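# Structural overview for review
Letter by letter, the chains look like this.
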Amino acid sequence: MADDPRPFDSWTCPAPLSGGGQVLLGHGSGGKLSADLVRDLFLPAFHNPALARMDDQAILAINGLRLAFTTDSFVVKPLFFPGGDIGSLAVHGTVNDLAMGGAQPLFLSAAFIIEEGLPMETLERIVASLRRAAADAGVQVVTGDTKVVEKGSGDGIFINTSGIGVVPDGVALSADQARPGDRILLSGAIGDHGIAILAQREGLEFESTVASDSAALHTLVAGMLGASKEIRCLRDPTRGGVSSALNEIAGQSGVGVELDERAIPVREEVRGACELLGLDPLYVANEGKLLAIVAPEAAESVLSAMRRHPLGAQAAIVGSVSAAHPRTVTMRTVVGPTRIVDMLAGDQLPRIC
Amino acid sequence: MKYIDEYREEGIARSLAARIARRATRPWCLMEICGGQTHTIMRYGLDDLLPAGLRLVHGPGCPVCVTPLETVDRAIEIASRPDVTFVSYGDMLRVPGSKLDLFRVKAAGGDVRVVYSPMDALALARARRGRKVVFFGIGFETTAPANAMAVFQARREGLDNFSMLVSHVLVPPAIRMLLSSPRNLVQGFIAPGHVCTVVGWEEYEALARDFRVPIVVAGFEPADLLESVLMLVAQLEEVRTEVENQYARSVRREGNVAAKDMIGRVFEVCDRKWRGIGTIPGSGLRLRQEFAAHDAEKLFGVGGISAEEPPECISAEVLQGLKRPTDCPVFGLACTPEHPMGAPMVSSEGACAAYYQYRRHSIPREKEA
């Protein structure tokens, strides 16, 4: 490169990075890198009809009974945070994956991968919390496993839970069923969990009154299904936030999604933290919220059913499904024009200024 | 949210847009320099509110994008050392160097951390005296005072395990270079409000005078940017070439005197290479000799690392407004935020990445990835 500035005509750009020989944190972010990993490695390796549905749970027909089956691993740091801990989260996350299939959750497994040196008192608190959350959700932990790894090979404790539930007759929810004209319902304010966790992170501590929204959503779902069978699809917008969940639905259904930014509830404290940190609440994780794609004629009755439930008191219709721009999520911004709501490559990064 | 929502109100935005449309009697081409402003324009779709003849061109004001390839390579070299804790603002981590980015260094075992302030890096150095803590000091004039303060404080406390890899850039020399080009199309500038909060706008008065171009110092919210466009259009229509201040709630003519003083005590002006552009004389800041003990480039002997930037994309035309990001044959295909080929695709504040992230739906179908 010459030392003198080049004339404009010859300004250049760097070449891209070649290949990706390593697993990056972004592969676990719930964004594009995660989706690529599933599409390119896991789906081809294990291909079968139940997996190909690409929902939060597999639906398995056995002797006339339709079982929902799911698994999730929990690696949250810190282990205890305002609004919950890794124990309650391990129940809520898996119960919610079952609930998003319309299933009544019944049984869980719990596997603990513990780093040596973890204080026994910490483990006891986590187990007590997990037990309480399971009892509150009406599910039983019926099998489990314990492994201890050497100091430095883990991060305190990781928990995996799997869950089984039964899908009632007449319920068939899937992310490939959104149709143009359908309404998009959101059960409450977004971003609480992600901001509550972020506020506790080392080097980032800021004073915050935001608590995680971690909660089991299956009774909310039961109320919604009681109001109408015209619910096409449910998703809980966890990692990757509302953006990732809606992009997945748009992709699997081959439709466009149109959001109205003004209709999306976000708490003042969460908005403030996002403004400060340069984050977009649409990409921040939730652990007690759901998105529902509902036929237009059923939208109001489902919305009323949601609002009657404490976990859906702030529910709102936030957008609709469109035939235009398939596989793309757009949003009418607060000042009027429309923009894309893209799925991020990896984790949302704070901007420099 | 108070003091935010007022500037994002649809009625105010539409009323400003209508006034712009009434005021503009012919086409004008304006440039916003700062990547933060580009981000706002794209995120809220402000260019859709403007009359057809009025063009906004997105300048080279994304500090992440213009940090030279070889500086990223130097950062990666330092961050890969086992005795180093490398500390950076978040969005620098996925900026590709010649072969790696900092995320990959972290994946391979490097101690790479994200902070919101260089003072957090300083705190790490205090707490971990056995580690060499290196902060990646990049950015425009906006981040310079805090970075200067961190180095100043490190010297005062005798924190010899704290150093900074400095690649600061300055806005006015870049504007001067843009305006000096015979192919320049830009008729008015939206000046960066946060940069001017620190350094004021005296330097911009010289630019307005020398090149007979109107400049408006602007904020970062939708109403700020629309109002600054209105002010520029009014100047152009009235054939005025002044520096005006739209961002009066933050910026004074002389800037922040204490912050400027701190910059001057720790840094000195130098020539600086810009990614994809080349060296612009007097466009950078480096540590003064008296702070050499905290200069990571010298401490780790990485000054010799250089990198060739092969000519692959059209960022030249994009950054001077001759082409739009979507005119590029590789936009959204070979060049995406996951695999950026050019500086403007690197950070969401870069023109190409902002187009890709927020405006892809207006691109012809055959170009979709």
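Here, the structure is the one placed above.
The sections below set out a description of the structure shown in this document. Just so you know, these numbers come straight off a predicted model, no measurement behind them.

## Observations concerning the sheet that holds strand β7 (residues 157-166) of chain A
Residues and elements named next belong to chain A.
- Ordered by their spatial adjacency, five strands build an open sheet running β1-β2-β7-β5-β6, and the pairing between neighbours is mixed. The open sheet has two free edges, formed respectively by β1 (58-62) and β6 (140-149), since each of these has just one partner strand. For this sheet, the mean inter-axis angle between neighbouring strands, taken without regard to orientation, is 20°.
- Relative to β7, strand β5 (residues 104-115) runs antiparallel, the two being bridged by ten bridges. Following the sheet pairing, Ala110 is matched in β7 by Thr161.
- Lying on the sheet, helix α3 (residues 86-99) is in contact with β2 (65-74), β5 and β7; it crosses β2 at an angle near 145°.
- Strands in contact with helix α4 (residues 120-137) are β5, β6 and β7; relative to β7, the strand with the most contacts, it is inclined by about 15°.

## Section: helix α15 (residues 351-359) of chain B
- For α15 of chain B, the buried fraction is high: nine of the nine residues fall into the buried class.
- Along α15 of chain B, the residues that are buried comprise Ala351, Cys352, Ala353, Ala354, Tyr355, Tyr356, Gln357, Tyr358 and Arg359 of chain B.

## Structural notes on the layout of surface pockets
Residues and elements named next belong to chain B.
- Size it by volume and the second largest pocket reaches roughly 440 Å³.
- Around the second largest pocket, the lining comprises 21 residues; the ones closest to its centre are Arg74, Cys270, Arg272, Arg286 and Glu297.
- When residues of the lining of the second largest pocket are traced back to their parent elements, those giving at least two are α4 (69-79), β6 (162-169), β10 (267-274), β11 (278-287) and α13 (296-299).
- Considered class by class, the residues forming the lining of the second largest pocket number five nonpolar, four polar and twelve charged.

## Here we look at the pairing of strand β12 (residues 316-322) of chain A
Residues and elements named next belong to chain A.
- Within β12, five of the seven residues are buried, leaving the element largely enclosed by the surrounding structure.
- One ladder, built from four bridges, connects strand β8 (residues 183-186) with β12; its direction is antiparallel. The partner of Leu185 across the bridge, within β12, is Ile317.
- Two elements, strand β10 (residues 256-260) and β12, share four bridges in a ladder whose sense is antiparallel. Bridging across to β12, Gly256 finds its partner in Ser322.

Parameters and conventions
- Residues numbered from 1 in each chain as written.
- Chains lettered and ligands numbered in written order.
- Predicted model: local features only at pLDDT ≥ 70, side-chain atom pairs only at ≥ 80, totals over all residues.
- Heavy atoms only, no water.
- Pairing = 2+ DSSP bridges.
- Helix = DSSP H or I, 4+ residues; strand = E, 2+ residues; numbered from the N terminus.
- Axes fitted to C-alpha atoms, helices over the stretch in contact; angles between N-to-C directions.
- Contact = heavy atoms within 4.5 Å.
- Buried < 20%, exposed > 50% of the residue type's maximum accessible area, 1.4 Å probe, protein only.
- 1 Å grid on protein atoms, 1.4 Å probe; cavity = no way out; pocket = protein on both sides within 12 Å on 5 of 7 lines; lining within 4 Å.
- Points joined across faces, edges and corners; volume = space filled by probe spheres on them.
- Nonpolar A, V, L, I, M, F, W, Y, C, P; charged D, E, K, R; others polar.

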